[in-house]
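# Structure at a glance
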Amino acid sequence: MGLTRRTLLLGLGVLPWYVRGQGSGARVVIVGGGFAGATAARYLRLADPTLDVRLIEPHLAVHTCPFSNHVLGGLRDLASLRQDFTGLTRLGVQHVRARAVAVDRTARHVRLDEGSRIGYDRLMLAPGIDFRWGAIDGYGPEMAERVPHAWQAGPQTALLWRQLQAMDDGGTVLIGVPDNPYRCPPGPYERASLIAHYLTRHKPRSKVLILDAKDSFSKQALFQQAWAQRYSGRVEWIGRSDDGRVMGIARNGRELHTEFGGRHRGAVINLIPPQQAGAIAVHAGLTDDSGWVPLEATTFRTRADPYLYVAGDAGIAAPMPKSAYCANAQAKVAVAAMLADLAGQPAPEPHWHNVCYSLLAPERAVSVAAGYRVEAGRLVEVPGTAVLSPLDAPDRLRIDEAERAQAWYRAIRADAWGAA
Amino acid sequence: MTGWRLTGVLLAATLAAGQASARPVEPGSSDDHAYAYDTQRQRFMDGAALQRRGLSIDVPSWVEDGAFVQLSIELMGARPPVEVLVLRDGEADARIARLRIHQWQEPLRLGTRVRLPASQTLAVLARDIDGRVWQAEQAVEVLGSSCLAPLPPGVDWGEIRLWADVQAGGFALRSLLRHPMETGRRPAAEGGRLPRWLLARLSIEGATGPVLALEAFEGLAANPLLHLVLPARVAPVRLDYVDDRGERRLAQWPSAE
C-alpha cells in the first residue's frame, strides 16, 4: 500500500488544532532531521504557524535510509537520497546547524556542541539509532571507517558501494546481521538481494554470505524464494543455529568470528552491529536497560519527562517496527499530543499504519503491512491487519509492489520535508 | 579468544522405543492444574523458606520476539547438587526446564533461551543439597510484531554447535542444538497442527562425574542453547541430547578428533 494524498491528509486529521489555530507561540525544539524530526517540524508549523519551531541538525542535508540499498545494487545514485531542509525553512522552521549534546531537563534547555543553549517549552528527540560499539569484539567507530555498517545512509553507503565495485570477481561479500531489535528488520535481506543483483551482472563468480544472530528473519520465505529463483545460490544465509552470530572481527578487518568458533573471510565485509537509541537520548537519561526509550503509547511522550517526546527509531514502539513509515506516523501522533497538551486538552486517540517494502530485484518488490492502536495503555497490532506479500505470486504483483514502493518513497519524503 | 570447536554430529542413533514423552497440555484439561505455575512452584518449594539473597536472573524486561528470550542465571553460595526449575506464569504448561547441576565454577552461571508466547512473568527456583531454596522472577513484556518471521516449520534437527572459552581456572561452555521444539500448537500450512516434537533431555558428563541433567519442556526455545561455566578439572565433557521421538545426539568437548 502506498502513501497516498488521502493517507497524508489522514495524518492531518488527527490535528484538530490545525483548523483552530491556537497561536500559543510556544517554543518547540526538535533534535534530529530524519523522518521523525522533519515530519514533526513540518506538521507543527502546519498546525500552528505561531509556534517557534527549531530543528537542531548539524548537517545541511541528510540521506534517507530507505532506498539506500538501491545504491548498493547500482540502481540509484547516493545523491538521489539527499534531502535538505529548504522545504521546512520555507515553512518557518528554524534550522539550527549544530549538534545537540545534552538536555537539561530541569532548566528545559538543550546544550549544543558549540556551547550555546536553546530553551524549550516542549522538546522532541528524534535522534534515530547509535551503535553498541564493543558488542562485537574489535568493531568500533575507527574500524567502521574501513568495514562499513552502512546502517546510517550517506558516507557509509558510499564506502560500501566503492568496496563492492573494487572487489575482484570471485570474492565473498559478508553481511553480519544483529539480533532484534534493530532499525529496519528486513533491510539486511533486501541489501543482500540487491548486492546479489549487482554481482550477477558485474562479478558473476562472487557471492553473498549472511551471518545472522537470529534464528529467523523478516519476510524470510519471500527472500529465500527470490534468492533461489533469481540469484541461483549466490546468496547464502547462516542463522544462529548454524553458527551465524558474529562475535568479533579480526585480521585487520578481513575476518569475522562467530559464536561457535566459525571463521569467515570476506573480500568485502558489511557488519551491522547491535543498536540502541541515539546518544542524546541515552545521555538525557531516557533509556531503559535495553538502550531504547520507554514511551506513553497514546502520546509518544517519554515516561521519564512530560515535556519531552521521542519519535522514530529511538523509542520502544514495538510491535511497530523501526521503519521510516512508523517514524513518520509516530511524529504526527506526537505532534497532535503535544499540541493538545499545550492547549490543555486531552490527546486524541491515535492509530497507525505501517508498510515496509523490500526490493528483491530491480522493479520487483514485496511488502509487509499492519495497523496498530492503543489498548489498555499498550501499543498493539490490530488483529486482521497484517498483510504479507504472497509466495509464488505472479511477476506482475512484484512489479506492482515495486511501483508502489517508488510512489511511497516520493510521497513520504514530501510529507516529511515538504517540497524542496 | 581461546577455545575449541566441534561441529557436526558425532553420533546419531535411535534409542529403543518407549522413551518418556511429555504430552501436550490443553487449557482446562485434567493436566492443566498439575502443570500450572502455582502448582509447580509450590511442589518445588515444599514449604521451605526462601533465601534472601544469592540468586539473580538477567532477562530483558521487554522483547520483540517472544520465541527466543535470553535468560541468564547466577547463583552464589549453593552446595551441589542443585535443582533448578524454570517456569512461566502465563501458560497452561508453566514448565520450561528442570535441571540438576552437580558441578560448576562458583558462582553457578547458567544461560539458555526460553519461549514466551505472551507477556508474563518468568521465574527461576533453585534448591541445593542443604534444602535451601531461592527464587528470582522478572516480568517480560512481549511486544511481538508481524514484521518478524516465525521459525519456519520442518527444520531438521541434529547438528550440535559446541564451543568453550577458557577462563581462569575453568571454561565457559556453550552448546546449541538445532531442534524445532514444536509444541503441537502451531498451525500447519495444510491444516491442523504441526506435530509435537520436543527435546526430552540433555545430560552432561565430565571427567569427574555427572555435571548436569536437563529435562526440557515446551517453554524451552527452539534450537536449545545452553551456557554453563565449569572448572577446568571437569574436562573433557560429553553432551548427550535425546528427544521425544527417541533420537539421540552426542558431542564432546574438547573434540576427540
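Note that this is a predicted model, so its numbers are computed, not measured.

With that settled, consider the overall build of chain A. When helices and strands are tallied, chain A shows 12 helices and 23 strands. For 420 residues, the compact-globule estimate of 2.2 N^0.38 gives 22 Å, and the C-alpha radius of gyration of chain A, at 21 Å, lies within 12% of that figure. If you line up chain A on its principal axes, its C-alpha atoms span 65 × 50 × 40 Å. Looking at the 420 residues of chain A, the share that counts as buried comes to 61%.

Another point: the overall build of chain B. Counting its secondary structure elements, chain B contains 2 helices and 17 strands. Long-range contacts, defined here as pairs at least 24 residues apart, represent 68% of the contacts in chain B between residues at least 6 apart. On chain B, roughly 10900 Å² of surface is accessible, and the fraction owed to carbon and sulfur atoms is 50%.

Next up on the list: the domain arrangement of chain A. All names here are of chain A. Annotation of chain A at the domain level lists domain 1 (5–131 + 275–417) and domain 2 (141–271). Distance between the C-alpha centres of domain 1 and domain 2: 28 Å. Taken together, the 39 residues of domain 1 in the interface contact 33 residues of domain 2. Interface area lost by domain 1 to domain 2 is led by Asn 69, Leu 72 and Leu 360, which between them contribute 23%. Scanning the region where domain 1 abuts domain 2 turns up 2 salt bridges. Arg 230 is paired through a salt bridge with Asp 395; the nearest N and O atoms lie 3.3 Å apart. Applying the counting criterion to the domain 1 and domain 2 interface returns 13 residue pairs in polar contact (both at pLDDT 80 or more). Breaking the side of domain 1 that touches domain 2 down by element, the ones donating at least two residues are α4 (68–72), β10 (129–131), β20 (352–361), β21 (364–375) and α12 (395–417). By residue number, the principal contributor to the side of domain 1 that touches domain 2 is β20, which donates 6 residues.

To continue, consider the sheet that holds strand β17 (residues 268–271) of chain A. All names here are of chain A. Strand order in the open sheet formed by 4 strands is β13-β12-β11-β17, with parallel pairing between adjacent strands. What marks the edges here is a single partner per strand, and that holds for β13 (235–238) and β17. Across the sheet, the mean angle separating the axes of adjacent strands is 15° when strand polarity is ignored. Looking at chain direction, strand β11 (residues 172–177) and β17 are connected through 4 bridges and run parallel. Across the sheet, Leu 174 pairs through a bridge with Ile 269, a residue of β17.

Moving on, we get to unusual backbone geometry. Look at the link from A:Asn180 to A:Pro181: it is a cis peptide, with omega at -5°. Within the secondary structure layout, A:Pro181 lies in the loop between β11 and α8 (187–202). Following B:Glu106, the chain continues to B:Pro107 via a peptide bond in cis, the omega torsion being -10°. Inspection of the secondary structure assignment puts B:Pro107 in the loop between β7 (95–101) and β8 (108–114). One non-glycine residue, A:Asp243, lies in positive phi territory at about 70°. Mapped onto the elements, A:Asp243 comes out in the loop between β13 and β14 (246–250). Overall, A:Asp243 belongs to the buried group, its relative accessible area being 3%.

To continue, consider the sheet that holds β14(A). All names here are of chain A. Spatially, 3 strands are ordered β14-β15-β16 in an open sheet, and the strand pairing comes out antiparallel. Whereas interior strands pair on both sides, the edge strands pair on one side only; in this sheet they are β14 and β16 (263–265). Neighbour to neighbour, the strand axes of the sheet diverge by 25° on average, direction disregarded. In this structure, strand β15 (residues 255–258) lies alongside β16, joined through 3 bridges in antiparallel fashion. Looking across to β16, one finds that His 257 is bridged to Arg 263.

A word on the pattern of salt bridges. Residues and elements named next belong to chain A. Evaluation of the coordinates by the stated rule reveals 38 salt bridges over all chains. Between Arg 205 and Asp 169 there is a salt bridge whose closest N-O contact spans 3.7 Å. Note that Arg 205 is positioned in the loop between α8 and β12 (207–212) and Asp 169 in the loop between α7 (155–166) and β11, a separation of 36 residues in sequence. Judged by its relative accessible area of 63%, Arg 205 is exposed. Within this structure, Arg 122, Glu 296, Arg 301 and Asp 341 form a network of salt bridges that share partners.

So, about the side chain of B:Glu182. All names here are of chain B. You can see Glu 182 is positioned in the loop between β12 (170–177) and β13 (199–206). Of the residues examined, Glu 182 reaches a relative accessible area of 6% and is grouped as buried. Side-chain polar atoms of Glu 182 contact the side chain of Arg 186, separated by 2.5 Å. Ignoring anything within four residues of it in the chain, the contact list for Glu 182 reads Pro 153, Leu 194, Pro 195, Arg 196, Trp 197 and Leu 198.

Take the interface of chain A and chain B next. Taken together, the 32 residues of chain A in the interface contact 30 residues of chain B. Buried surface at the junction of chain A and chain B, summed over both partners, amounts to about 2600 Å²; 55% is from carbon and sulfur atoms. Sorting the residues of chain A by area buried against chain B places A:Asp215, A:Ser241 and A:Phe260 first, and these three jointly supply 24% of that buried surface. The interface formed by chain A and chain B includes 4 salt bridges. Seen at the junction of chain A and chain B, the total is 7 residue pairs in polar contact (both at pLDDT 80 or more). For the side of chain A that touches chain B, the elements supplying multiple residues, two or more each, are β21 and β22 (378–381) of chain A. For the side of chain A that touches chain B, the element with the highest residue contribution is β21(A), accounting for 3 residues. Its residues assigned to classes, the side of chain A that touches chain B comprises 15 nonpolar, 8 polar and 9 charged.

The subject of this paragraph is the nonpolar core. Judged by nonpolar contacts, the single largest core of 116 residues is most densely connected at A:Leu125, A:Val208 and A:Trp227. Viewed by domain, this core spans two of them, domain 1 (5–131 + 275–417) and domain 2 (141–271) of chain A, each represented by three or more residues.

Residue and element names in this part refer to chain A. For the structure shown, the criterion picks out 0 disulfides over all chains. Counting only cysteine sulfurs, Cys 184 is the nearest neighbor of Cys 65, a cysteine outside any disulfide, at a range of 8.0 Å. Looking at Cys 65, the relative accessible area reads 26%, which means it is partly exposed.

A word on helix α2 (residues 37–45) of chain B. Looking at α2(B), one finds that the buried residues are B:Tyr37, B:Thr39, B:Gln40, B:Phe44 and B:Met45. Two residues or fewer after α2(B) comes B:Asp46, characterised by a positive phi angle close to 50°.

Calculation rules
Residues numbered from 1 in each chain as written. Chains lettered and ligands numbered in written order. Predicted model: local features only at pLDDT ≥ 70, side-chain atom pairs only at ≥ 80, totals over all residues. Heavy atoms only, no water. Helix = DSSP H or I, 4+ residues; strand = E, 2+ residues; numbered from the N terminus. Rg over C-alpha atoms; globule rule 2.2 N^0.38 Å. Buried < 20%, exposed > 50% of the residue type's maximum accessible area, 1.4 Å probe, protein only. Contact = heavy atoms within 4.5 Å. Areas by Shrake-Rupley, 256 points an atom, 1.4 Å probe, with all protein chains shown as cover. Domains from an automatic or database assignment. Buried area = accessible area lost by both parts, 1.4 Å probe. Salt bridge = Lys/Arg side-chain N within 4 Å of Asp/Glu carboxyl O. Polar contact = N/O pair within 3.5 Å; in protein donor to acceptor, adjacent residues only side chain to side chain. Pairing = 2+ DSSP bridges. Axes fitted to C-alpha atoms, helices over the stretch in contact; angles between N-to-C directions. Nonpolar A, V, L, I, M, F, W, Y, C, P; charged D, E, K, R; others polar. Core = buried A, V, L, I, M, F, W, Y, C linked by side-chain atoms within 4.5 Å. Disulfide = S-S within 2.5 Å.

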